[in-house]
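Geometric and topological summary
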Amino acid sequence: MAESRGLSDSSLDEAVRAAAVSAASAASNDGLPGQIAFLISQLGVEETRKIIEGTDADV
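Below is a summary of the structure that appears in this document. Note that the structure is predicted; figures quoted are calculated from it, not measured.

Looking at the overall build of the chain
In terms of helices and strands, the chain carries three helices and zero strands. For the chain, the sequential pattern of α-helices and β-strands runs α-α-α. Its C-alpha atoms give the chain a radius of gyration of 16 Å, more than 25% over the compact-globule value 10 Å for 59 residues. Each principal axis of the C-alpha atoms in the chain carries an extent, and together these give about 50 × 25 × 15 Å. Sorting the 59 residues of the chain into buried and exposed places 5% on the buried side.

Comments concerning the pattern of salt bridges
Throughout the structure, instances matching the rule amount to three salt bridges. Between E46 and R49 there is a salt bridge, and its shortest N-O distance comes to 3.8 Å. In this pair, E46 and R49 both sit in helix α3 (residues 45-53), three residues apart, roughly one turn of the helix. The salt bridge involving E47 is made with K50; its shortest N-O contact spans 3.2 Å.

Here we look at the packing of helix α1 (residues 13-29) against helix α2 (residues 31-43)
Two numbers describe how α1 lies on α2: the axes approach to 6 Å, and their chain directions differ by 140°. Taken together, the axis directions place α1 and α2 in an arrangement best described as oblique. Counted together, A23, A24, A27, S28 and N29 of α1 and G31, G34, Q35 and F38 of α2 form the full contact between these two elements.

Observations concerning a nonpolar patch on the surface
Together, L7, L12 and V16 give the surface a local cluster of nonpolar side chains, amounting to about 260 Å² of exposed area. Topologically, V16 is positioned in helix α1.

A word on α1
Over its 17 residues, α1 extends 24 Å from the first C-alpha to the last, a length consistent with the 24 Å expected when each residue adds 1.5 Å. Of the residues trailing α1, G31 is marked for its positive phi of about 75°.

Things to note about the packing of α2 against α3
Each packed pair of helices is defined by two parameters, the angle between the axes and the distance between the axes. Contact geometry for α2 and α3: axes closest at 7 Å, N-to-C directions at 130°. In terms of orientation, α2 lies oblique with respect to α3. Classified by chirality, the crossing of α3 by α2 is right-handed. Contacts between α2 and α3 pair I36, L39, I40 and L43 from the former with V45, E47, T48, I51 and I52 from the latter.

The rules behind these values
- Residues numbered from 1 in each chain as written.
- Predicted model: local features only at pLDDT ≥ 70, side-chain atom pairs only at ≥ 80, totals over all residues.
- Heavy atoms only, no water.
- Helix = DSSP H or I, 4+ residues; strand = E, 2+ residues; numbered from the N terminus.
- Rg over C-alpha atoms; globule rule 2.2 N^0.38 Å.
- Buried < 20%, exposed > 50% of the residue type's maximum accessible area, 1.4 Å probe, protein only.
- Salt bridge = Lys/Arg side-chain N within 4 Å of Asp/Glu carboxyl O.
- Axes fitted to C-alpha atoms, helices over the stretch in contact; angles between N-to-C directions.
- Parallel < 35°, antiparallel > 145°, perpendicular 65-115°, else oblique.
- Contact = heavy atoms within 4.5 Å.
- Patch = residues over 30% accessible without salt bridge, like charges linked within 9 Å, V, L, I, M, F, W, Y side chains within 5 Å.
- Areas by Shrake-Rupley, 256 points an atom, 1.4 Å probe, with all protein chains shown as cover.
- Expected span 1.5 Å × (residues − 1).
- Left-handed = near helix turned anticlockwise from the far one by under 90°.

So, in structure tokens, the structure goes:
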């Protein structure tokens, strides 16, 4: 449908960015469990583990 309407690869850039920001914001609002679930969904378990292991607590 998008191609038949003449859209290019960049036609939906703003909509994609807005959706990503909204999803990231919702994950952050869900606290640590939501943040971890979001990272796993985007990066996978191993990359999320590396991030967690390399992050110091803000105490």
